[in-house]
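Chain by chain, the residues run as shown.
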Amino acid sequence: MKAMVYYGKDDARFEEREKPQLLQETDAIIRMLKTTICGTDLGIIKGKNPEIEQTARQKTGQWNGRILGHEGIGIIESVGNAVSNFKVGDKVIISCVSRCGSCENCQKQLYAHCLNGGGWIMGYMIDGTQAEYVRVPYADNSLYHLPKDLDEESAVMLSDALPTAYEIGVLNGEVKPGDTVAIVGAGPVGMSALITAQLYSPAQIIVIDLDDNRLAMAKEMGATHVINSSDGKTIEAVLELTNQRGVDCAIEAVGIEATWNICQHIVKEGGHLANAGVHGTPVSFAIEKLWIKNLTITTGLVNANTTKVLMNACCAGKLHTKHLITHRFKFSEIEKAYDVFKHASDTKAMKVIIEFE
């Protein structure tokens, strides 16, 4: 089968790989129909996660590369003997988080931290979805039946981007009716936060980014205000929009110090700072100013415990996720898709859909 394989920093190859086999009785093999590219995939290729190779060498003594990807939909081709909720031929959504369902953390719905080899492993610790076939561990708990009335492209957004934004941004940020919300970073997660925050009727949603095209898209998708942060006066602009009070909730959706810095200086007393961005380096924490403000600061990796709720909202027409999709490619064009996604400021890419022939 063909697959997109990471070998090391700046070394990803579209090549032939062996088709995966069932390894455990709880596994399923999925023939992929559609997948996408995540900013996390780009981060891996840029060398942000050297532990991928290190862990593989520790476990097996060798490194054969890692098939990328943790999102997508497909059709079940085979299942292990212990799989009871799915059968061959079922069309399914693949969650980015695998979960055993029985360990201490899974019992707390901390599926991201499954103690039995689950969590975010696909396209990271095990081979992922950017291949013609993928092995899904703990299939009964890590797959969702694709509803007949749900558009396939919209369903791909339910693998990761939508639940990440909703759980780690909107729910952790405790967005409520009448709130003022700032979303710093108008990428796929930031835009997904914009979509899902509107379920709670905040009074203001301020979207902040460097890209005017993405800001225009945010305005079309429901932002009440947009701010281009290129002039270095973003904090002042937010305070002006909020009568110098600041926002009830700031959602950090990038994962760099500049966006974190904006967030920690625009949250008003008693507010929430919800960090959804993936940080690879330390940031400065202005605790000398924040200790007195009674803030709630949250971080997290998606647990995907809201996927079914979001699926129902999509089916009811409450979440228009298809607006996030800007480009479509055949799987044979995945290298081109990566190039387009990598240069989003030039190509105006948000989410790309990759369809398997």
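What counts and what doesn't
Residues numbered from 1 in each chain as written. Predicted model: local features only at pLDDT ≥ 70, side-chain atom pairs only at ≥ 80, totals over all residues. Heavy atoms only, no water. Core = buried A, V, L, I, M, F, W, Y, C linked by side-chain atoms within 4.5 Å. Buried < 20%, exposed > 50% of the residue type's maximum accessible area, 1.4 Å probe, protein only. Helix = DSSP H or I, 4+ residues; strand = E, 2+ residues; numbered from the N terminus. Contact = heavy atoms within 4.5 Å. Pairing = 2+ DSSP bridges. Right-handed = clockwise from strand over helix to strand, strands pointing away. Axes fitted to C-alpha atoms, helices over the stretch in contact; angles between N-to-C directions. Parallel < 35°, antiparallel > 145°, perpendicular 65-115°, else oblique. Left-handed = near helix turned anticlockwise from the far one by under 90°. Nonpolar A, V, L, I, M, F, W, Y, C, P; charged D, E, K, R; others polar.

Caption draft 1: Fine view of the nonpolar core. Membership of the largest hydrophobic core comes to 48 residues, with the highest contact counts inside it found for Ile30, Ile94, Leu143 and Tyr338. Contributions of two or more residues to this core are made by strand 1 (2–8), strand 3 (28–36), helix 1 (39–45), helix 2 (51–60), strand 6 (91–94), strand 7 (133–136), helix 13 (334–342) and strand 16 (351–355). In this structure Ile30 touches Gly74, Ile75, Ile76, Val92, Ile94, Glu132, Tyr133, Val134, Val136 and Leu143, once residues within four positions along its chain are discounted. The next biggest cluster of nonpolar side chains, apart from the first, holds 43 residues, and it includes Leu33, Val156, Ile183 and Cys314.

Caption draft 2: View of the pairing of strand 11 (residues 225–228). Relative to strand 11, strand 10 (residues 204–209) is paired through four bridges, and the arrangement is parallel. Paired with Val207 across the bridge in strand 11 is Val226. Handedness of the crossover joining strand 10 and strand 11 through helix 8 (residues 212–220) is recorded here as right-handed.

Caption draft 3: Up close: the packing of helix 6 (residues 161–171) against helix 12 (residues 307–315). Interaxial distance between helix 6 and helix 12 falls to 10 Å at its minimum, and their mutual angle equals 110 degrees. Classified by the interaxial angle, the pair formed by helix 6 and helix 12 is roughly perpendicular. By crossing handedness, the relation of helix 6 to helix 12 is classed as right-handed. Residues Leu162, Pro163 and Tyr166 of helix 6 touch helix 12, and the partners they reach there are Thr307, Leu310 and Cys314.

Caption draft 4: The packing of helix 6 against helix 7 (residues 188–197), seen in detail. Where helix 6 meets helix 7, the closest approach of the two axes is 8 Å, and the angle between their N-to-C directions is 70 degrees. Comparing the axis directions of helix 6 and helix 7 gives the class roughly perpendicular. Crossing hand, helix 6 versus helix 7: right-handed. For the pair formed by helix 6 and helix 7, the contact residues are Ala161, Leu162, Thr164, Ala165, Tyr166 and Val170 on the first element and Val189, Ser192, Ala193, Thr196 and Ala197 on the second. By residue class, the composition of the contact of helix 6 with helix 7 is eight nonpolar, three polar and no charged.

Caption draft 5: A look at the environment of Gly232. With respect to the helices and strands, the residue Gly232 is situated in the loop between strand 11 and helix 9 (234–241). Spatially, the C-alpha atom of Gly232 lies 9.8 Å from that of Ala258, the residues being 26 residues apart in sequence.

Caption draft 6: A look at the sheet that holds strand 4 (residues 66–67). Strand order in this open sheet of three strands is 2-1-4, and the pairing throughout is antiparallel. The sheet terminates laterally at strand 2 (11–16) and strand 4, the two strands that pair on one side only. Pairing of strand 1 with strand 2 involves six bridges; the strand directions are antiparallel. Counterpart to Met4 in the pairing with strand 2 is Phe14.

Caption draft 7: Summary view of helix 6. The buried count for helix 6 comes to 10 of 11 residues, which makes it a mostly enclosed element. Three or more residues of helix 6 are buried, namely Ala161, Leu162, Pro163, Thr164, Ala165, Tyr166, Glu167, Ile168, Gly169 and Val170. For helix 6, the secondary structure elements touched by its buried residues are helix 7, strand 12 (247–252), strand 13 (267–275) and helix 12.

Caption draft 8: Fine view of the environment of Phe329. Positionally, Phe329 belongs in strand 15 (residues 325–330). Note on Phe329: relative accessible area 9%, which makes it buried. Sequence separation between Phe329 and Thr36 is 293 residues; the distance between their C-alpha atoms is 9.5 Å. Here Phe329 is in contact with Lys336, Ala337, Val340, Val352, Ile353, Ile354 and Glu355, once residues within four sequence places are set aside.

It is worth stressing that arrangement in space is one thing and function is another; only the former is reported here.
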